[in-house]
Amino acid sequence: MVDINKTPVTAGGSATARNLEDRFADMINARDFGASPSASAATNAAALQAALDAAASSGGVVFLPHGDYSIGTTTVTIPGGVTLRGEGRQATYISYSGTGNALQFTIPASGANFTIEAGVAQLTIKQAGTGETGNGFVAKKTKHCRIDQVEVLDFAVGILIDGGDNFSASNQIVDPLIGRCTTGLKITADSGKQANHTQVFGGYIYGTAGILAAGGKGILIEKGDSNYIFGTGVESFGTGIHFKSVNPGGNYAIFPRAESNTTDYLVDSGVFGSLRDPFGTVTCNSTVFGILSKNQMRIGDRTGSPVIEFMKDDAGRAGFDIYNENIRRWAVAANASENFIWSLYDT
């Protein structure tokens, strides 16, 4: 009898024959470990974890086909070097009913270094228990990890980036869809520690009338610096985007859109960074924070050094920027008598 799994076959257009056993091992399918929309929460949680752990030895992708997989109150952990990928936000669902973390990247022990190059993509994580409890997804003490086209619904915190007792750095959140969470995205760390260089690209974060009335936050940058928000929309919160971290490296939002919030943008006293062309109303309590709007009048050519650019922020305050390739740090000073914003930054 011929074992078809051991029989070499050549894919159309390719040159090398491989047996089916080898080919099936290219990507781990969580259903091969027992995960199923019809399985119990305990079975699904164990199967998902077993598939992810199997991938950890060599890295790679664990595929979770379409369906709604209940994991009950168990946290599923994605190891470094492994990506959990679904079929899409409207196809693959993970339902959690606990009060802890639904999904997380491996959290290193106290004092240990980082989880690196983990990922989660193209699926929805939803709270199936008491609404607005627990954390949807947690990346704690991670570097170069990626959350890509993930939807998170009905948690206390949708996505948590946490430097813990060390720091986190260079994590990416791409096209997030976060709904009905008390805090949509939170960037934080332990006292004296930092969560740095998180990059959020696009996406939409929305609350509810109840979350707005209760003072929920769309994006909260609490600790760390050099975190960037690019074109993300935030709606129906007490505060749309809250800049709270006073780290001198600053935190930044470029072309964000905040609307239907009690306060669209809130900048605490002593906070460094800037907003570039924000849609919405800015409440700024810091004299070291730049607000650059579309109402600008430039003098000179940006290719020169320096260049002076006059502009007005959304409050109608006039000011100017100086661009110089030798200036490596953002600095802002307010001159209340002239009502000017002065800013220096790198090209």
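Here the residue numbers are simple positions, counted from 1 along each chain's written sequence. Under the rules for a predicted model, residues below a pLDDT of 70 receive no local features and side-chain atom pairs below 80 are neither given nor counted, while totals for whole chains, interfaces and linings still include all residues. The basis for every side-chain value is the complete set of non-hydrogen atoms in the structure, without hydrogens or water.

1. With respect to the overall build of the chain
(1) Moving on: In DSSP terms, a helix is any run of H or I states spanning at least four residues, a strand is any run of E spanning at least two, and both are numbered starting from the N terminus. Within the chain, the regular secondary structure consists of three helices and 37 strands.
(2) Moving on: Relative to its full complement of 347 residues, the chain shows a buried share of 47%.
(3) Moving on: Intrachain contacts of the chain at a sequence separation of at least 6 include 60% that bridge at least 24 residues.
(4) Moving on: Each accessible area is a Shrake-Rupley result for a 1.4 Å probe, and residues are judged covered by the shown protein chains and nothing else. Surface accessibility of the chain: about 15000 Å² in total, with carbon and sulfur atoms responsible for 52%. Relative accessibility decides the category of a residue: with a 1.4 Å probe and only protein chains considered, values under 20% of the type maximum give buried, values over 50% give exposed, and everything between is partly exposed. Any two residues whose heavy atoms approach within 4.5 Å are treated as being in contact.

2. Considering the pairing of strand S23 (residues 217–221)
(1) Moving on: Across the five residues that make up S23, a large majority, four, are buried.
(2) Moving on: Only strands joined by at least two bridges in the DSSP assignment are considered to pair. Across four bridges, strand S19 (residues 183–188) lies against S23 in parallel orientation. Across the sheet, Leu185 pairs through a bridge with Ile219, a residue of S23.
(3) Moving on: As paired strands, S23 and strand S26 (residues 239–243) are joined by four bridges and run parallel to one another. Across the sheet, residue Leu220 finds its bridge partner in S26, namely His242.

3. Re the pattern of salt bridges
(1) Moving on: Whenever a carboxyl oxygen of Asp or Glu lies within 4 Å of a side-chain nitrogen of Lys or Arg, that contact is scored as a salt bridge. One pass over the full model with this rule turns up nine salt bridges.
(2) Moving on: Here Asp175 and Arg89 are joined by a salt bridge, their closest N and O atoms 3.2 Å apart. Note that Asp175 is positioned in the loop between strand S17 (172–174) and strand S18 (177–179) and Arg89 in the loop between strand S7 (82–85) and strand S8 (92–96), a separation of 86 residues in sequence.
(3) Moving on: Classification of Asp175 as partly exposed rests on a relative accessible area of 27%.
(4) Moving on: Residue class for Arg89 comes out buried when judged on its relative accessible area of 19%.
(5) Moving on: Between Asp277 and Arg276 there is a salt bridge, with its nearest N and O atoms 3.7 Å apart. A single burial state applies to Asp277 and to Arg276, both of which are buried.
(6) Moving on: When salt bridges that share partners are traced, they join Lys186, Glu222 and Lys244 into one network.

4. Let's talk about the sheet that holds strand S12 (residues 135–140)
(1) Moving on: The strand order across the open sheet formed by nine strands is S6-S9-S12-S15-S19-S23-S26-S29-S31, and the pairing between neighbours is parallel. Each edge of the open sheet is held by one strand with a lone partner, namely strand S6 (76–78) and strand S31 (282–284). Within the sheet, the average angular offset between the axes of one strand and its neighbour, ignoring direction, is 10°.
(2) Moving on: By the bridge criterion, five bridges tie S12 to strand S15 (residues 157–162) in an arrangement that is parallel. Bridge assignment links Asn135 to a residue of S15, and that residue is Val157. Inter-axis angles, ranging from 0 to 180 degrees, are taken between N-to-C directions of lines fitted to C-alpha atoms, where helices are fitted over the stretch in contact.

5. Digging into the environment of Ser236
(1) Moving on: Relative to the assigned elements, Ser236 resides in the loop between strand S25 (233–235) and S26.
(2) Moving on: The exposure class assigned to Ser236 is buried, which follows from its relative accessible area of 18%.
(3) Moving on: Sequence separation between Ser236 and Thr263 is 27 residues; the distance between their C-alpha atoms is 9.6 Å.
(4) Moving on: Not counting residues up to four positions away in its chain, the partners in contact with Ser236 are Gly207, Thr208, Ile211, Leu212, Glu259, Ser260 and Asn261.

6. Structural notes on the nonpolar core
(1) Moving on: As used in this record, nonpolar core signifies buried Ala, Val, Leu, Ile, Met, Phe, Trp, Tyr and Cys residues forming a set joined through side-chain atoms within 4.5 Å. Counting residues in each nonpolar core, the largest one holds 59 residues, and the members touching the most others are Ile78, Leu84 and Leu103.
(2) Moving on: It is helix H2 (residues 41–56) that contributes the most residues to this core, six residues altogether.
(3) Moving on: If sequence neighbours within four positions are ignored, Leu103 has contacts with Ile71, Val76, Ile78, Leu84, Ile94, Val120, Ile125, Gly136, Phe137 and Val138.

7. Things to note about the side chain of Ser168
(1) Moving on: Within the element layout of this structure, Ser168 appears in strand S16 (residues 167–169).
(2) Moving on: Non-local contacts of Ser168, meaning those with residues more than four positions away in its chain, are made with Lys141, Thr142, Ile161, Asp162, Gly163, Gln194, Ala195 and Asn196.

8. Considering unusual backbone geometry
(1) Moving on: One non-glycine residue, Lys141, adopts positive backbone phi at about 55°.
(2) Moving on: Within the secondary structure, Lys141 is located in the loop between S12 and strand S13 (142–143).
(3) Moving on: Of the residues examined, Lys141 reaches a relative accessible area of 1% and is grouped as buried.
(4) Moving on: In this structure, His197 is a non-glycine residue whose phi angle is positive, near 55°.
(5) Moving on: Its place among the elements puts His197 in the loop between strand S20 (194–196) and strand S21 (199–201).
(6) Moving on: On the accessibility criterion, His197 (30% relative accessible area) is partly exposed.

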